[in-house]
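Geometric and topological summary
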Amino acid sequence: MELAVIKSEQEYDALLDWVDVMFDQKVSPSSPEGKKLEIALVLIKAYEDQNYPIPSPDPLETIKLKMKDMGLKNQDFVGKIGSKGYISAILNGKKPMTLEIAKIFHKELKIPAEILLS
């Protein structure tokens, strides 16, 4: 297999097939084929990043999901953010989430800031 920048879906599929064969053969990472495999994986990732981008999660849906996972209710943020109604309005998109509120959700729910600020 000759490695090069992937320029088409056909090249992408062929490289994926080759990688599958290499994994099935349990190629040693330190072997010449193992080193080619490592480069192939980098090429595949670059192609996928360019052609199949993963959209950022919705900040409000992320907050709701994290609250559900942690067993938290809007009431748990009363006093930290505002009234239960105000928190509900934020989580329903009726009120804007300020930077200060994003910081509170980041700290309390351990949600990455880049998700809350997107």
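Before reading further, recall that the structure is shown in the block above.
Residues numbered from 1 in each chain as written. Predicted model: local features only at pLDDT ≥ 70, side-chain atom pairs only at ≥ 80, totals over all residues. Heavy atoms only, no water.

1. Let's talk about the overall build of the protein chain
The criterion, for reference: Only DSSP runs of H or I with at least four residues qualify as helices, and only runs of E with at least two residues qualify as strands; both kinds are numbered from the N terminus onward. The reference for a compact globule is 2.2 Å times residues^0.38; the radius of gyration itself is calculated from the C-alpha atoms. Only protein chains enter the accessibility calculation, which uses a 1.4 Å probe; a residue whose area is less than 20% of its type maximum is buried, one above 50% is exposed, and one in between is partly exposed. We call two residues contacting when some pair of their heavy atoms lies within 4.5 Å. In short, Shrake-Rupley with a 1.4 Å probe defines the accessible areas, and a residue's cover is counted only from the protein chains shown. Residues counted as positive are Lys and Arg, residues counted as negative are Asp and Glu, and His and the chain ends are not counted. For this purpose, a charge sits on NZ of Lys, CZ of Arg, CG of Asp or CD of Glu.
For the protein chain, the helix and strand inventory stands at six helices and zero strands. Secondary structure elements in the protein chain, listed N-terminal to C-terminal, are α-α-α-α-α-α. In terms of overall dimensions, the protein chain is more spread out than a globule: its C-alpha atoms have a radius of gyration of 23 Å, far above the 13 Å expected for 118 residues. The dimensions of the protein chain, computed from C-alpha atoms along their principal axes, are 60 × 25 × 20 Å. When the 118 residues of the protein chain are sorted by exposure, 27% land in the buried category. Counting only contacts in the protein chain whose residues sit at least 6 apart along the sequence, the fraction spanning at least 24 positions is 51%. On the protein chain, roughly 8200 Å² of surface is accessible, and the fraction owed to carbon and sulfur atoms is 57%. The distance from the centre of the 16 positive side-chain charges to the centre of the 18 negative ones in the protein chain is 14 Å.

2. Topic: the side chain of Asn74
If you trace the backbone, Asn74 turns up in the loop between α3 (59-70) and α4 (84-91). Those residues in contact with Asn74, other than ones at most four positions away along the chain, are Met67, Lys84, Ile87, Ser88 and Leu91.

3. Quick notes on the environment of Lys66
Looking at the secondary structure, you find Lys66 in helix α3. Judged by its relative accessible area of 30%, Lys66 is partly exposed. Separated by 45 residues in the primary sequence, Lys66 and Ile111 have C-alpha atoms spaced 8.0 Å apart. For Lys66, the residues in contact, after removing those within four places along its chain, are Leu109 and Ile111.

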